[in-house]
2 protein chains.
Amino acid sequence: MEGKRREGGLPPGWRREEVVRKSGLSAGKTDVYYYSPDGKKIRSKPQLARALGDAVELSAFDFRTGRVNFNACRKRLRHDTSLILPIRQTASIFKQPVTLIRNRPESKTKSELKHGPQDQPRQLFWEKRLQGLKPFDNSEEVIQSMDLPRNMQGVGPNLSTENILQSISAALHLGTLPVTGQLASKGSILKNPGVNIDANQPLIQQMLISDEDIRRQEMNVRQARRNLQEAMLKA
Amino acid sequence: MEGKRREGGLPPGWRREEVVRKSGLSAGKTDVYYYSPDGKKIRSKPQLARALGDAVELSAFDFRTGRVNFNACRKRLRHDTSLILPIRQTASIFKQPVTLIRNRPESKTKSELKHGPQDQPRQLFWEKRLQGLKPFDNSEEVIQSMDLPRNMQGVGPNLSTENILQSISAALHLGTLPVTGQLASKGSILKNPGVNIDANQPLIQQMLISDEDIRRQEMNVRQARRNLQEAMLKA
DNA sequence: CGGAGTGCCCGG
DNA sequence: CCGGGCACTCCG
């Protein structure tokens, strides 16, 4: 699973732009603009909400980064008592030794962390908090899950297929980096997850995609399109 | 002291123009232009600064209204420590009872206040903060003050001639309305200045100017011009 | 008159 | 104290 840098999951036709202010008191500050499919320029979250109407839920959408804010979701859940799970909310067993540096002019580590605003750390194996929960459609029909390819292996303690799908989905929606899976070995991750898990990658082992895999998938898509075309001609 | 609406104190030869936009999204907005004595059209404050050169201080000049902004002066002073006076900056003794009305559709008082952007309220008797300060010319010669006509009476606590001149000067430069002096009686103003002072008028009692006064002043001007003409012929 | 670019208020 | 949001300026 390799891929080039994606523009965070914007609907098709939407474009996001970052403009750095070049002069004045606020020089260096960046403004973020969106362009709707019909070319309208959107300059703020309230304006975006107005353009999209009430149907779209934007409370978890971070206007500046253009991505869904993971922790904003957590915040909303916390206040919906029917969704609070009976598990501990902290992860103190994973505490790491920390070096605290104050008032040093630009520690290198610090400036490296500064590449854009960071999300708050998220709970390791958060996916397991969703275990047993299933989405329903309006008529209370259970929405079918998916099967995973045989060569896609989860890494973590007793992960269900749903857990793995959840972590892949989160990685696709929250990150802008290529989604590669975990680079560390399954063994080292289970032994010391706090150190070895890459929180930005889904809980699957790195997969190698061959040119042959890509060709096969392209065939599948073409076949699906032909089927759809036939079905539409008959109707 | 009556007068018709004046064009805020522009140098002679300069003209100010307001043009209302007639159509488009910005219909109703007004653009302000200035014309220099040689007919050049000025469309913005930077352009005006360029045309006038570095000699003219424009930081307190409001391009849209064409007048000097009282509070802009205050703001600059605040950061020049050599000019901060050892007096209190607040006027809490003048606190007034206030009626707060929320969520009423368009209170009449509110909409009346909206006639153009308002200056921030200014300190009552702010002129007294300048007491004892005198302007000097480049050679550190004190610039002579002026005498006031005998029938021009100040209203306020122990106002010096300079205080009165300052308030008249401010009224002439900051306002566009006729300068009439205070209409309320001297007694009521001293008893409750916060209510009874008209902040847009100088701290003098209303003066009645007769046609005879005007004729006499016109004579004075004519005589002064004759004197000047003679002096220039001799030179 | 439009629109990019900046100032600046106000709420958290 | 900071940053989001929007009003406004200024020039094409």
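Residues numbered from 1 in each chain as written. Chains lettered and ligands numbered in written order. Predicted model: local features only at pLDDT ≥ 70, side-chain atom pairs only at ≥ 80, totals over all residues. Heavy atoms only, no water.

Undergrad: Report on the overall build of chain A, specifying residues and quantitative values.
TA: The number of helices and strands found in chain A is 7 helices and 5 strands. Shown N-terminal to C-terminal, the secondary structure of chain A runs as helices and strands in the order β-β-β-α-β-β-α-α-α-α-α-α. Each of the 235 residues in chain A was classed as buried or not, and the buried ones make up 23%. Pairs at least 24 residues apart make up 52% of the contacts formed inside chain A by residues separated by at least 6 positions. (Helix = DSSP H or I, 4+ residues; strand = E, 2+ residues; numbered from the N terminus. Buried < 20%, exposed > 50% of the residue type's maximum accessible area, 1.4 Å probe, protein only. Contact = heavy atoms within 4.5 Å.)

Undergrad: Describe the protein's contact with DNA strand C, listing the residues and the values that go with them.
TA: The environment of DNA strand C is made up of 16 residues, and the closest members are S23(A), R21(B), K22(B), S23(B) and S26(B). The share of sugar and phosphate among atoms of DNA strand C within 4 Å of the protein is 56%. K41(A) places a polar side-chain atom, nitrogen or oxygen, 3.0 Å from a phosphate oxygen of DNA strand C. K22(B) is positioned such that a nitrogen or oxygen atom in its backbone is 2.3 Å from a phosphate oxygen of DNA strand C. Grouping the amino acids of the surface near DNA strand C by side-chain chemistry returns 2 nonpolar, 6 polar and 8 charged. (Near = heavy atom within 4 Å. Polar contact = N/O pair within 3.5 Å; in protein donor to acceptor, adjacent residues only side chain to side chain. Nonpolar A, V, L, I, M, F, W, Y, C, P; charged D, E, K, R; others polar.)

Undergrad: Lay out the protein's contact with DNA strand D in plain terms, naming residues and giving numbers.
TA: Near DNA strand D, the surroundings consist of 14 residues, among which R43(A), S44(A), R64(A), S44(B) and R64(B) are the closest. Taken together, the sugar and phosphate atoms account for 66% of what DNA strand D places within 4 Å of the protein. Of the residues that constitute the surface near DNA strand D, the class distribution is 2 nonpolar, 2 polar and 10 charged.

Undergrad: A description of the packing of aromatic side chains should follow, citing residues and the corresponding values.
TA: Residues and elements named next belong to chain A. Counting across every chain of the model gives 4 aromatic pairs over all chains. Grouping aromatic residues by their ring pairs yields a cluster made of Y34, F61 and F63. Residue placement shows K41 over the ring face of Y33; its charged tip is 4.2 Å from the ring centre. (Phe/Tyr/Trp six-rings, centres within 6.5 Å; stacked < 30°, edge-to-face > 60°. Lys NZ or Arg CZ within 6 Å of the ring centre and 35° of its normal.)

Undergrad: Which residues make up the environment of K45(A), and what values do they have?
TA: All names here are of chain A. Considering the arrangement of structural elements, one finds K45 in helix α1 (residues 45-52). When near neighbours in sequence (up to four residues on either side) are disregarded, K45 contacts L58, S59, F61 and F63. Reaching out from K45, the side chain makes a polar contact with the backbone oxygen of L58 at a distance of 3.0 Å.

Undergrad: Report on the side chain of Q201(B), specifying residues and quantitative values.
TA: Residue and element names in this part refer to chain B. Looking at the element boundaries, Q201 is found in the loop between α6 (193-196) and α7 (211-234). Residue classification places Q201 among the buried positions, given a relative accessible area of 11%. Within the structure, Q201 has its side chain in polar contact with the backbone nitrogen of G181 (distance 3.0 Å). Residues in contact with Q201, not counting those within four places in the same chain, are A171, P178, V179, T180, G181 and Q182.

Undergrad: Please give an account of unusual backbone geometry that cites residues and values.
TA: We note that N158(A) has phi near 50°; this positive angle belongs to a residue other than glycine. Structurally, N158(A) is set in the loop between α3 (108-113) and α4 (161-174).

Undergrad: Quick rundown of the sheet that holds strand β1 (residues 15-20) of chain A? Include the residues and the values.
TA: All names here are of chain A. The strand order across the open sheet formed by 3 strands is β1-β2-β3, and the pairing between neighbours is antiparallel. The open sheet has two edge strands, β1 and β3 (41-42), and neither has a second partner. Pairing analysis gives 6 bridges linking β1 to strand β2 (residues 30-35), with the strands arranged antiparallel. From the neighbouring strand, V19 faces β2, where its bridge partner is D31. (Pairing = 2+ DSSP bridges.)

Undergrad: Please set out the pairing of β2(A) residue by residue, giving values where relevant.
TA: Residues and elements named next belong to chain A. Of all 6 residues in β2, 5 are buried; the element is thus mostly enclosed. Where β2 meets β3, 2 bridges bridge the pair, whose relative direction is antiparallel. Following the sheet pairing, Y35 is matched in β3 by K41. Connecting β2 to the antiparallel partner β3 that follows it, the hairpin turn spans 5 residues, and G39 within it adopts a positive phi of roughly 90°.

Undergrad: Go over the sheet that holds strand β3 (residues 41-42) of chain B, please, and point to the residues and values.
TA: Judged by pairing direction, the sheet is antiparallel, and its 3 strands sit side by side in the order β1-β2-β3 (chain B) without closing on themselves. Two strands bound the open sheet, and with one partner strand each, they are β1 (15-20) and β3 of chain B.

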